[in-house]
Amino acid sequence: MHRTASTSLTIADILSVATPSDLRMLGHFNVLKTSLSALLGLTIAPRSWQTLYRFVGDLQAVIQSDPSISSPGPHPVSEAARAKLSTVLMSVTSVRIPAADPEAALSHAVATLVAAARDPAALYQATRTRNFHHSSRLEGIDMRKSKPAETLQTVLNRYRKR
């Protein structure tokens, strides 16, 4: 699913990627970087796809490791989880914080990430996809196996044989 400029990108979309190629499918590097910066209210500074994916992977790891972040409900996020998210956001290769009020900017970014992790629509989509994979597996279809990308030559050879 390649997004166009008219489609708005959300943090839940970015946090749902599983591989670097999934991240690349969201759009061009600079557009993705500026969108993420605007959503977080911080200037992120990765210079490559690998650095950006590592940053997203670190965020995913923190969100998945602490149940107080991803569990829906009005209860507050633990201070340890806030500290972990702040550490990931403050990593030297990832983020530059505006000089005006760094604590408020960091607090806003953490709140945005927590809201995205608790988003009911994203949780529903993840549950729906997981259930679809499980029900397909019961029928003997393994949806998790990735098909190797076909080259143009293999497609041409297949149709030439017909």
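Here the structure is a predicted model, which is why all the values come from computation and not from measurement. Sequence order as written defines residue numbering, which begins from 1 separately in each chain. Totals for whole chains, interfaces and linings use every residue, but because this is a predicted model, local features are given only for residues with pLDDT of at least 70 and side-chain atom pairs only at 80 or more, for both listing and counting. Excluding hydrogens and water, the side-chain figures rest on all heavy atoms present in the structure.

Participant: In this structure, what is going on with the overall build of the protein? I would like to understand it.
Facilitator: Every helix listed is a DSSP run of H or I at least four residues long, and every strand listed is a run of E at least two residues long, numbered separately from the N terminus. When you go through the protein residue by residue, the secondary structure sums to nine helices and two strands. Between two residues, a contact is recorded if the distance between any of their heavy atoms is within 4.5 Å. Pairs at least 24 residues apart make up 56% of the contacts formed inside the protein by residues separated by at least 6 positions. Summed over its atoms, the accessible surface of the protein is roughly 10600 Å², and 59% of this surface lies on carbon and sulfur atoms. For every accessible area listed, the method is Shrake-Rupley and the probe measures 1.4 Å; residues are considered covered only by the protein chains on display.

Participant: I'm lost on helix α6 (residues 79-89) in this one. Help?
Facilitator: Two residues of an α-helix separated by three or four positions point the same way, owing to the 3.6 residues in each turn. Buried, partly exposed and exposed residues are distinguished by accessible area as a fraction of the type maximum, computed with a 1.4 Å probe on protein chains only: under 20%, between the cut-offs, and over 50%, respectively. Three or more residues of α6 are buried, namely Ala81, Leu85, Ser86, Val88 and Leu89. In an axial view of α6, the angular spread of the buried residues amounts to 160°, which keeps them on one side of the axis. Opposite the packed face of α6, turned more than 90 degrees from it, sit the exposed residues Glu79 and Thr87. The arc in question is the one spanned by the directions pointing from the helix axis to the C-beta atoms.

Participant: Explain helix α8 (residues 120-138) here, please?
Facilitator: Multiply 1.5 Å by the residue count of a helix minus one, and that product is the helix's expected span. Between its first and last C-alpha atoms α8 spans 27 Å; for 19 residues at 1.5 Å apiece the expected length is 27 Å, and the two agree. One or two positions beyond α8, positive phi appears at Gly140, with a value near 90°.

Participant: Is there a simple way to think about the layout of surface pockets in this case?
Facilitator: Rolled over the atoms, a probe sized like a water molecule indicates the empty space that remains. Grid points spaced at 1 Å over the protein atoms alone were grouped into cavities, where a 1.4 Å probe fits but cannot get out, and pockets, open sets with protein on both sides within 12 Å along at least five of seven lines, with lining residues defined by an atom within 4 Å of a point. Grid points are joined across faces, edges and corners, and a volume is the space filled by probe spheres set on the points. Roughly 1300 Å³ of internal volume is contained in the largest pocket. For the largest pocket, the lining is made up of 30 residues, of which Leu15, Ser16, Val17, Ala18 and Ala126 are closest to its centre. Of all elements in the fold, only α1 (11-15), α2 (20-25), α4 (49-65), α7 (102-117) and α8 reach the threshold of two or more residues within the lining of the largest pocket. In terms of residues, the lining of the largest pocket owes the most to one element, α8, which gives eight residues. Partitioning the lining of the largest pocket into residue classes produces 14 nonpolar, 10 polar and six charged. Classes in brief: Ala, Val, Leu, Ile, Met, Phe, Trp, Tyr, Cys and Pro nonpolar; Asp, Glu, Lys and Arg charged; the others, Gly included, polar.

Participant: How should I be thinking about the packing of aromatic side chains in this particular structure?
Facilitator: We describe a pair of aromatic rings using the distance from one ring centre to the other and the angle between the two ring planes. Working definition: rings of Phe, Tyr and Trp (its six-membered ring) pair if their centres are within 6.5 Å, and the pair is stacked with planes under 30 degrees apart, edge-to-face with planes over 60 apart, and tilted otherwise. Across all of its chains, the model carries one aromatic pair by this definition. Relative to Trp49, the ring of Phe29 has its centre 5.3 Å away and its plane inclined at 70°; by these criteria the two rings are edge-to-face. A residue pair is termed long-range when its members are at least 10 positions apart, and Phe29 in helix α3 (residues 29-40) and Trp49 in helix α4 qualify at 20 residues.

Participant: Help me understand the packing of α3 against α4, please; the structure alone is not making it clear to me.
Facilitator: Every axis corresponds to a line fitted to the C-alpha atoms, with the helix fit spanning only the stretch in contact, and the corresponding angles, defined between N-to-C directions, vary from 0 to 180 degrees. For the pair α3 and α4, the least separation of the axes is 11 Å and the interaxial angle reads 30°. At the point where α3 passes α4, the crossing takes the left-handed sense. Judged by residue contacts, Phe29, Leu32, Leu36 and Leu40 of α3 engage Trp49, Leu52 and Phe55 from α4. Its residues placed into classes, the contact of α3 with α4 shows seven nonpolar, no polar and no charged. Each helix crossing is assigned a hand: it is left-handed if the near helix lies turned anticlockwise from the far helix by less than a right angle, otherwise right-handed if that turn is clockwise.

Participant: Would you mind showing me how to read the nonpolar core here?
Facilitator: Inside soluble globular proteins, nonpolar side chains tend to come together where they are buried. Residues belong to one nonpolar core when they are buried, are Ala, Val, Leu, Ile, Met, Phe, Trp, Tyr or Cys, and are joined through side-chain atoms within 4.5 Å. With 34 residues, the main nonpolar core has Leu40, Ile69, Leu85 and Leu89 as its most contacted residues. Those elements that provide at least two residues to this core are α1, α3, α4, α6 and α7. The biggest single contributor to this core is α7, with eight residues.

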